[in-house]
Amino acid sequence: MAEVFVRLRRGRWPLSKGLLVEALLPLGVPLEAAQAVAHTVEERLKAEGQLAVPPRVLRRVFLEEVARALGEEVADRLSRQTLPFEEILVLQGRKRRPFSKGLLARSLEEAGFSLKEAHDLAKEVEGHLRQEGVRQISARRLEEMVAQVVGRALGKGARRRYLQRQAFAGELFVEEESGEPRMPFSKGILAQSLMGIGFSPERAYRLAREMEKALRQEGRRVIRRNELRERVYQALLKEAGEEVARRYLLLRSLRRSARPVHILIGGVTGVGKSVLASALAYRLGITHIVPSDAVREVFRASLSQDLLPTLHLSTFEAWRALLLDLSGEESHEVRVMRGFLDQVARVAVGLRAIQERSALEGTSIVLEGVHVVPRYLDHPYRERVLTVPMLVVLQDEKLHRDRFLLRDRETAHARPQEKYLTHFAEIRLIQEYLLRWAQEEGIPVIPGEDLDEAVEKALEVLVAYLEAHGSREVARA
């Protein structure tokens, strides 16, 4: 299937319809209408054979389709903006570089802001630039704008801290193993490691700042990786105790292990799998998260409904696509589970392929979704990876129902609660079966009522697994 790319000076990138939708939503365009326009733009470019389109052409086509579908007024308001796929250049002397939200967030982190604060502020700055139609801006003017945004959001003290951030800068490096280059010491990376053991962002950044301050007071310019790890371990012993300090060493060794980790997070819709997967991946430094729904969508796009009918329905209503049991002896419960497992078996083909590829490449991944049922996910390269399965469950039925209402609101009705509540009995039935299988196979169960507690429990599971099944490489790292 042909794919459309945006051709920039520094390479080309796949066209993201999400960026087009992102440009329309602040103008008050409903989500469904924005998605329809984005789809039309992509299909038009494919039909015209423009598979590597420069931003100026994409801008013209986008504005034309917006005018046609949403009216000239919306198109006119949109035309005054710098669109999400267009570069904003930062000028510094004779140098010009593309504005980077990530670099700005990192700069804010170095000024002592938490990870969430830094990313929220960087996002707000970019929003102002694009809404004002800025195509290029001097580095000095950008700094002034960032300072203004910081001041409005967090007060004068925070604004002053940002403007004086250079006072905190210095040449402090971490020396890697023999033959590896030195890397700048990063409070953000250290804080991320501490969040990986269950620390709150505020606590993690405080300890990271204290560690950096101590090193600077000692006049250190370079510290060996092993020494830094030992110093963090000793600090954790004093602050949080031996169990937490031990967890830190285990999870740090996991990052440098020769064997990747595959975390399998199963559970029915609405229990918090995706949020837990994101939280765990960030804390563990894993960059690949694969939702099983995405794999199912790929199959849906390539395999017709006539060929595999159960794939084209939600897991909790896949039974509708099954042939009727003419004997009349099959209960609704059995039929629901038969439809569910038929779909799981189909999607598992793709999930196993992803696991095999990741195992061969030595890549750590998090697989999450209702189709992540470990008994269907064995693969020939299992011995090359550390596979950690877990199941997220939500025992409280009222809270489970409320989650669908919340998701309905957060997605602007793109995932309406009525569909899920209509089939709530089937969803709960599937959860009962998944829970029973998890108990039979010794798969850890993670309560989904509270995210912080879920993350803590999942980390406990991971640490226990490493202690029980960790490879020699992990023990030595």
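Cut-offs and rules
- Residues numbered from 1 in each chain as written.
- Predicted model: local features only at pLDDT ≥ 70, side-chain atom pairs only at ≥ 80, totals over all residues.
- Heavy atoms only, no water.
- Helix = DSSP H or I, 4+ residues; strand = E, 2+ residues; numbered from the N terminus.
- Rg over C-alpha atoms; globule rule 2.2 N^0.38 Å.
- Buried < 20%, exposed > 50% of the residue type's maximum accessible area, 1.4 Å probe, protein only.
- Contact = heavy atoms within 4.5 Å.
- Areas by Shrake-Rupley, 256 points an atom, 1.4 Å probe, with all protein chains shown as cover.
- Lys, Arg positive; Asp, Glu negative; His and termini not counted.
- Charge placed at Lys NZ, Arg CZ, Asp CG, Glu CD.
- Phe/Tyr/Trp six-rings, centres within 6.5 Å; stacked < 30°, edge-to-face > 60°.
- Lys NZ or Arg CZ within 6 Å of the ring centre and 35° of its normal.
- 1 Å grid on protein atoms, 1.4 Å probe; cavity = no way out; pocket = protein on both sides within 12 Å on 5 of 7 lines; lining within 4 Å.
- Points joined across faces, edges and corners; volume = space filled by probe spheres on them.
- Axes fitted to C-alpha atoms, helices over the stretch in contact; angles between N-to-C directions.
- Parallel < 35°, antiparallel > 145°, perpendicular 65-115°, else oblique.
- Left-handed = near helix turned anticlockwise from the far one by under 90°.
- Core = buried A, V, L, I, M, F, W, Y, C linked by side-chain atoms within 4.5 Å.
- Polar contact = N/O pair within 3.5 Å; in protein donor to acceptor, adjacent residues only side chain to side chain.
- Arc of directions from axis to C-beta.
- Pairing = 2+ DSSP bridges.
- Patch = residues over 30% accessible without salt bridge, like charges linked within 9 Å, V, L, I, M, F, W, Y side chains within 5 Å.
- Salt bridge = Lys/Arg side-chain N within 4 Å of Asp/Glu carboxyl O.

Undergrad: Explain the overall build of the protein here, please?
TA: Check the secondary structure of the protein and you find 20 helices and 14 strands. Expected size for 477 residues packed as a compact globule is a radius of gyration near 23 Å; at 25 Å, the protein falls within 12% of this value. Each of the three principal axes of the protein carries a C-alpha extent, and together these read 80 × 65 × 45 Å. Across the 477 residues in the protein, those meeting the buried criterion constitute 46%. For the protein, the proportion of contacts with a sequence separation of at least 24, taken over those separated by at least 6, is 69%. Element-wise, carbon and sulfur atoms account for 50% of the exposed surface of the protein, whose accessible area totals about 24800 Å². One way to put it: in the protein the 76 positive side-chain charges average out to a point 7 Å from where the 68 negative ones average out.

Undergrad: Which parts of the structure should I look at to understand the packing of aromatic side chains?
TA: The description of two aromatic rings rests on the distance between their centres and on the angle between their planes. In this structure the tally under the stated criterion is 5 aromatic pairs. With centroids separated by 6.4 Å and ring planes inclined at 85°, the aromatic side chains of F404 and F424 adopt a geometry described as edge-to-face. Placement of F404 in helix α16 (residues 397-410) and of F424 in helix α18 (residues 424-441) is noted, with a sequence separation of 20 residues between them. Residue F404 is classed as buried on the basis of its relative accessible area, which comes to 0%. Linked through ring pairs, F316, F404, Y420 and F424 together constitute an aromatic cluster. Taking NZ or CZ as reference, R436 lies 4.7 Å from the ring centre of Y433, over its face.

Undergrad: So what exactly am I meant to see when it comes to empty space enclosed by the protein here?
TA: Space left empty within the atom packing is revealed by a probe, the size of a water molecule, rolled over the atoms. As enumerated under the stated definition, the model contains 2 cavities of 30 Å³ or more in all. As for the largest cavity, its lining consists of G266, V372, V373, P374, R375, M390, L391, L434, W437, A438, E441 and I443. Of all the secondary structure elements, the ones that give two or more residues to the lining of the largest cavity are β13 (386-393) and α18. For the lining of the largest cavity, the element with the most residues is α18, which contributes 4 residues.

Undergrad: Quick question: what am I supposed to make of the packing of helix α1 (residues 17-24) against helix α3 (residues 55-70) here?
TA: Packed helix pairs are specified by the crossing angle of their axes together with the interaxial distance, meaning the distance between the axes. Close contact between α1 and α3 brings their axes to 13 Å; oriented N to C, the two are set at 55°. By the angle between their axes, α1 is oblique relative to α3. Crossing hand, α1 versus α3: right-handed. Counted together, L20, A23 and L24 of α1 and F62, V66 and L70 of α3 form the full contact between these two elements.

Undergrad: For this particular structure, what's the right way to read the nonpolar core?
TA: When a protein is soluble and globular, its nonpolar side chains tend to lie buried together. Of all hydrophobic cores here, the largest spans 78 residues; its most connected members are L194, L236, L251, I263, I265, L276 and M390. The leading source of residues in this core is α18, at 9 residues. Beyond its immediate stretch of four places on either side in the chain, I263 contacts L280, L284, I286, I365, V366, L367, V388 and M390. With 29 residues, the next largest nonpolar core counts L8, L24, A34 and L78 among its residues.

Undergrad: I keep staring at the packing of α1 against helix α2 (residues 31-47) and nothing clicks. Help me out?
TA: Viewed as axis vectors pointing N to C, α1 and α2 meet at an angle of 135°, and their least axial separation amounts to 9 Å. Comparing the axis directions of α1 and α2 gives the class oblique. Judged by the sense of rotation from one axis to the other, the crossing of α1 with α2 is right-handed. Of α2, the residues touching α1 (which contributes K17, L20, V21 and L24) are L31, A34, Q35, V37, A38, H39, V41 and E42.

Undergrad: I'm lost on the environment of R259 in this one. Help?
TA: Along the polypeptide, R259 turns up in the loop between α12 (242-255) and β10 (261-266). For the pair R259 and R403, spaced 144 residues apart in the sequence, the C-alpha separation amounts to 36 Å. Here the side chain of R259 touches E383 through a polar contact of 3.2 Å, landing on its backbone oxygen.

Undergrad: Whenever I open this one, helix α4 (residues 72-79) confuses me. Can you help?
TA: Each α-helix turn comprises 3.6 residues. Residues three or four places apart therefore point the same way. Of all the positions in α4, only V74, A75 and L78 are classed as buried. Buried residues of α4 fall within an arc of 100° about the axis and therefore sit on the same side. Residues of α4 that are exposed and point more than 90 degrees away from the buried face comprise E72 and E73. Where the residues of α4 are buried, they touch α1 and α3.

Undergrad: Would you mind going over the sheet that holds strand β8 (residues 183-184) with me for this structure?
TA: Across a sheet, paired strands are connected by hydrogen bonds in the backbone, their directions being either parallel or antiparallel. An order of β8-β7-β9 is seen for the 3 strands of this open sheet, with the pairing classed as mixed. Bordering the open sheet on either side are β8 and β9 (222-224), each of which pairs with just one other strand. Across 2 bridges, the pairing between strand β7 (residues 173-175) and β8 is antiparallel. The residue of β8 that forms the bridge with F173 is P184. Against the sheet, helix α11 (residues 225-240) engages β7 and β9, with an angle of about 80° to β9.

Undergrad: Is there a simple way to explain a negative patch on the surface in this structure?
TA: A cluster of acidic residues, E333, D396, E397, E432, E449, D450, D452 and E453, forms a negative patch at the surface. Turning to its location among the elements, D450 is positioned in the loop between β14 (445-447) and α19 (451-469).

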